[in-house]
Amino acid sequence: MMQKSPAFSLDHSSLLDSLTHTDNLLIIQDLDGVCMDLVRDPLTRVLDRRYVLAARQLRDHFQVLTNGEHIGSRGVNGLVERAVGSAEQCRAQGLYLPGLGAGGVQSQDHHGQVRHPGVSAAELDFLGDVPQRLHTALGPRLSQPPYNLTRERIEALLAASVLDNPASPTLNINAFYQHWQARPALYRHLQDAVATLMQALLDSAARAGLDDAFFVHYAPNLGRDDAGNERLRPAGAGNAGTTDFQFMLKGAVKEAGVLVILNQHYQRHTGVAPLGEDFNVRQAPREPAALLQLARERFDPAQMPRIVGVGDTLTSASQTDAGQTRQLRGGSDRGFLTLVQQLGSAFARDNRVLYVDSSRGEVQRPGLDLARLRHCPEQPWLALEGISDADDPLRLDVLFDAGPSQYVAFFCALAQARAERRGARPR
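Residues numbered from 1 in each chain as written. Predicted model: local features only at pLDDT ≥ 70, side-chain atom pairs only at ≥ 80, totals over all residues. Heavy atoms only, no water.

An unreviewed UniProt entry annotates the chain as Glucosylglycerol 3-phosphatase of Phytopseudomonas dryadis.

In C-alpha cells:
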C-alpha cells in the first residue's frame, strides 16, 4: 500500500532511510541546478568527484534526464572527465552519467556510448548550422540601437552565450543580463528579439523541408499557450526570466524521456522492453495524458519501480487579462516531475518529487523562503513564490533548501548506504 509522504518536507534523513531500503528504485534526475550550481557561462561548471563516483555506485538505479547534452564543447562528459581525471578512465570504469540529454534525443550509457535514436542526418545537419546562424544574426543587431555595443563586447558576450550543442543549440543570455544590470529594459528588449530570431530559424527549417522537426524551448518558461508553444517568462524584479532559448527537436520533452528510461529499466531488470527495444522520445505521444495512458497499458504493475524525480526548474506566476486572472505554470522540469507523481498514483508506488533550490547560483531565480516555510507550515506554498502556488497540481515532496551541495551530499550518502546494504545481504 502506498503511503503518502508529507509535502514540502525538509526531512532528508527519513527519505534517505526509505530509499536505502527500496529494492526496485529508479532515480531520474536533472543536472544543472541540481547536482551543480547554475552559472552564467556553462564552461565554468564544476561537478563534484564524489557525485560522479556515487552515480556509478547506484548502478542501474540512476538515470539523468536533461535538456543539456552529454557531448560537445559544453557537454557534461567533459565535466565528468575533469572531475575524475581522464576520458580513458571514465570509459574503462564506466563513470559517465547514464541517461538522456538534449531533452531525450541523446542517449548515453555508463561508458560514454552516445546515440541519437529517431534523429535524421538532415536534422542534425540543420542543428549544426544553428550556432553560426545565431552568431551571424545577433552580431550586427547588437551593434545598433538600442544596444550600441562595441565589436569587442559583442564578441565576448556571444562567446559566452551561443552554445554549440550538437542536438540542442542554445542561446543563453545570462551574460547579457549581468551586463545590463543597470539597464534592465535592454535585457528585456533582447529577450523579445531573441524569441523573434528563434521563430525565424523555425521558418528557415520549414523552407528546408523540416517544417515539423523543431521547436523552441524557453527555460524557464510559463507553460504552453493554446497553440502548444512555450510562453516566454519576461524578466522581472529579482529574476532574469527566460535565459535559455534552446532550438530542439520535436518530441524532445522530458516527460517523454521518462517513458524511454522506464522502458530501458524494464528491459535491464526483466529482459523485456514493454515499448519495444528501439522506442525513443520521438515515437512517444505528445500529450501528457497519452503518455500516462501508454504506461498504464504497457508496463507490468508488478515490475514498476519506485521512481524519484529530481529537478530545480519550476515556475508559477499569475497573469491578468481583461479583468480575468489565471495561473501560468511552467518550467522545464514540471512535465517530467508531474508524470513521476502521476505514475506513483497510477501504479500505487510511493514515488517522490524532490526540489532543489538553485537560486543561490549565478543565475537569478525565485528561491525558497525557509523562514516563511517554518513559520507558515499550513501554507507552505507561500515560501515558494514564483515556483509553486496553492492550487498547483504538482506536489513537491522533499525540498533541498541549501541547493546542489546539499543534494549532492544526500546523493552520496544514499549511494553509500545502498552499497553497504547490498554488501550486508547474505549471498
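So, about the sheet that holds strand S16 (residues 398–400). One open sheet accounts for eight strands, arranged S5-S4-S3-S2-S1-S12-S15-S16; its pairing is mixed. Since the sheet does not close on itself, it has two edges, and those belong to strand S5 (114–115) and S16, each with one partner. In this fold helix H9 (residues 254–270) packs onto strand S1 (25–29), strand S2 (62–65), strand S3 (99–101), strand S4 (106–108) and strand S12 (306–311), with an angle of close to 155 degrees to the strand it touches most, S2. (Pairing = 2+ DSSP bridges. Helix = DSSP H or I, 4+ residues; strand = E, 2+ residues; numbered from the N terminus. Contact = heavy atoms within 4.5 Å. Axes fitted to C-alpha atoms, helices over the stretch in contact; angles between N-to-C directions.)

If you trace the four strands from one edge of the open sheet to the other, you get S6-S7-S11-S8, paired in antiparallel fashion. Of all the strands in the sheet, just strand S6 (162–163) and strand S8 (214–219) have a single pairing partner and so form its edges. Relative to strand S11 (residues 244–249), S8 is paired through six bridges, and the arrangement is antiparallel. Counterpart to Tyr 218 in the pairing with S11 is Phe 245. Seen against the sheet, helix H5 (residues 121–142) touches S6, strand S7 (170–172), S8 and S11 and runs at an angle of roughly 155 degrees to S11.

Below, the discussion takes up the packing of aromatic side chains. Applying the stated criterion across every chain, the model contains 14 aromatic pairs. Between Tyr 51 and Phe 411, the aromatic rings sit 4.7 Å apart at their centres with planes inclined by 35 degrees, giving tilted as the arrangement. A residue pair is termed long-range when its members are at least 10 positions apart, and Tyr 51 in helix H2 (residues 49–57) and Phe 411 in helix H13 (residues 404–424) qualify at 360 residues. On the basis of relative accessible area, Tyr 51 is assigned to the buried category, the value being 0%. Note on Phe 411: relative accessible area 1%, which makes it buried. Judged by centre distance (4.9 Å) and plane angle (45 degrees), the rings of Tyr 266 and Phe 299 are tilted. Highlighted residues: Tyr 266 in helix H9 and Phe 299 in the loop between helix H10 (288–298) and S12, separated in sequence by 33 residues. Using a relative accessible area of 2% as the deciding quantity, one classes Phe 299 as buried. Of the aromatic side chains, those joined through ring pairs into one cluster are Tyr 51, Phe 62, Phe 400, Tyr 407, Phe 410 and Phe 411. (Phe/Tyr/Trp six-rings, centres within 6.5 Å; stacked < 30°, edge-to-face > 60°. Buried < 20%, exposed > 50% of the residue type's maximum accessible area, 1.4 Å probe, protein only.)

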